[in-house]
Amino acid sequence: MLAAVQPLISGSTSPEPVVVCLCGSTRFRDEFAETNRRETMAGHIVVAPGVFSHSGDPPLTDEDKRRLDELHLRKIDMASRVLVVNPGGYIGESTRREIAYAESAGKMILYTHDR
């Protein structure tokens, strides 16, 4: 199956794909989609938020938010690097916590925009 996809992938020389976890404010739904596409086309496996409550998805309960926050930390655990989606350099409180968690786990952290 990978052989069928291989011609679409550019820039990947590793036999094992890099796993990238996207972090950032869910208000940037469009930027997440574009970053996900770009990273996927580069041959990376992308894990990212699946709910965008700040961008039109239905509101979350406090319990939903807690569970999704914990799930996202597990996505960071799975990743070999973290890519922060931060248009205009914006990094909110939740994203700062995710960055601190990733740093404590020794993950490489990259940003889509200057901080």
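In this text the structure is predicted, and so the values were computed from the model without any measurement.

Here we come to the overall build of the protein. Helices and strands together make up the secondary structure of the protein, namely 4 helices and 4 strands. Ordered by position from the N terminus, the helices and strands of the protein form the series α-β-α-β-α-β-α-β. Among the 115 residues that make up the protein, the fraction classed as buried is 37%. Sequence separation of at least 24 residues holds for 79% of the intrachain contacts in the protein that already meet a minimum separation of 6. Summed over all atoms, the accessible surface of the protein reaches about 7200 Å², with 56% contributed by carbon and sulfur.

Core analysis: the biggest nonpolar cluster contains 13 residues, and C21, I76, V82 and I109 have the highest contact counts within it. Among the elements of the structure, strand 1 (19-24), helix 3 (62-78), strand 3 (81-85) and helix 4 (93-104) are those that each provide at least two residues to this core. Top element by residues in this core is strand 1. It accounts for 3 residues. With residues near it in sequence (within four places) discarded, I76 still touches C21, C23, V82, E98, Y101, A102 and K107. Listed in part, the 10 residues of the second largest apolar core include V18, L22, F32 and V46.

With that settled, the discussion passes to the sheet that holds strand 2 (residues 45-47). Here we have 4 strands laid out as an open sheet, ordered 2-1-3-4, and parallel in their pairing. The outermost strands of the open sheet, each flanked by one partner alone, are strand 2 and strand 4 (108-111). On average, adjacent strands in this sheet sit at an angle of 30° to one another, irrespective of strand direction. Pairing of strand 3 with strand 4 involves 4 bridges; the strand directions are parallel. Bridge assignment links R81 to a residue of strand 4, and that residue is M108. On top of the sheet, helix 2 (residues 29-41) reaches strand 1, strand 2 and strand 3; it is set at about 165° to strand 1, its chief contact. Against the sheet, helix 4 contacts strand 1, strand 3 and strand 4, and its axis sits at roughly 145° relative to strand 4.

A few words now on the packing of helix 3 against helix 4. One can describe the packing of helix 3 onto helix 4 by two numbers: an axis separation of 10 Å at closest approach and a directional angle of 35°. When you trace helix 3 past helix 4, the crossing you get is right-handed. Where helix 3 abuts helix 4, its residues K65, D69, H72, L73, R74, I76 and D77 lie against S94, R97, E98, Y101 and A102. Partitioning the contact of helix 3 with helix 4 into residue classes produces 4 nonpolar, 2 polar and 6 charged.

To continue, consider the confidence of the model for the protein. Looking at the protein as a whole, the pLDDT averages 89, with 88% of positions reaching at least 70. Note that pLDDT drops below 50 for residues 1-8; the model gives that stretch 1 contact with residues more than four away or on any other chain.

All right, on to the pattern of salt bridges then. Scanning all chains against the criterion turns up 6 salt bridges. Residue R67 pairs with D64 through a salt bridge whose shortest N-O separation is 3.0 Å. With R67 and D64 both in helix 3, this residue pair falls 3 residues apart, about one helical turn. By relative accessible area, R67 is classed as partly exposed at 46%. Between R74 and D77 there is a salt bridge whose closest N-O contact spans 2.8 Å. With R74 and D77 both in helix 3 and 3 residues apart, this pair spans about one turn of that helix. Here the salt bridges do not stand alone but share partners, grouping E70, R74 and D77 into one network.

Reading guide: rules and limits
- Residues numbered from 1 in each chain as written.
- Predicted model: local features only at pLDDT ≥ 70, side-chain atom pairs only at ≥ 80, totals over all residues.
- Heavy atoms only, no water.
- Helix = DSSP H or I, 4+ residues; strand = E, 2+ residues; numbered from the N terminus.
- Buried < 20%, exposed > 50% of the residue type's maximum accessible area, 1.4 Å probe, protein only.
- Contact = heavy atoms within 4.5 Å.
- Areas by Shrake-Rupley, 256 points an atom, 1.4 Å probe, with all protein chains shown as cover.
- Core = buried A, V, L, I, M, F, W, Y, C linked by side-chain atoms within 4.5 Å.
- Pairing = 2+ DSSP bridges.
- Axes fitted to C-alpha atoms, helices over the stretch in contact; angles between N-to-C directions.
- Left-handed = near helix turned anticlockwise from the far one by under 90°.
- Nonpolar A, V, L, I, M, F, W, Y, C, P; charged D, E, K, R; others polar.
- pLDDT = per-residue confidence, 0-100.
- Salt bridge = Lys/Arg side-chain N within 4 Å of Asp/Glu carboxyl O.

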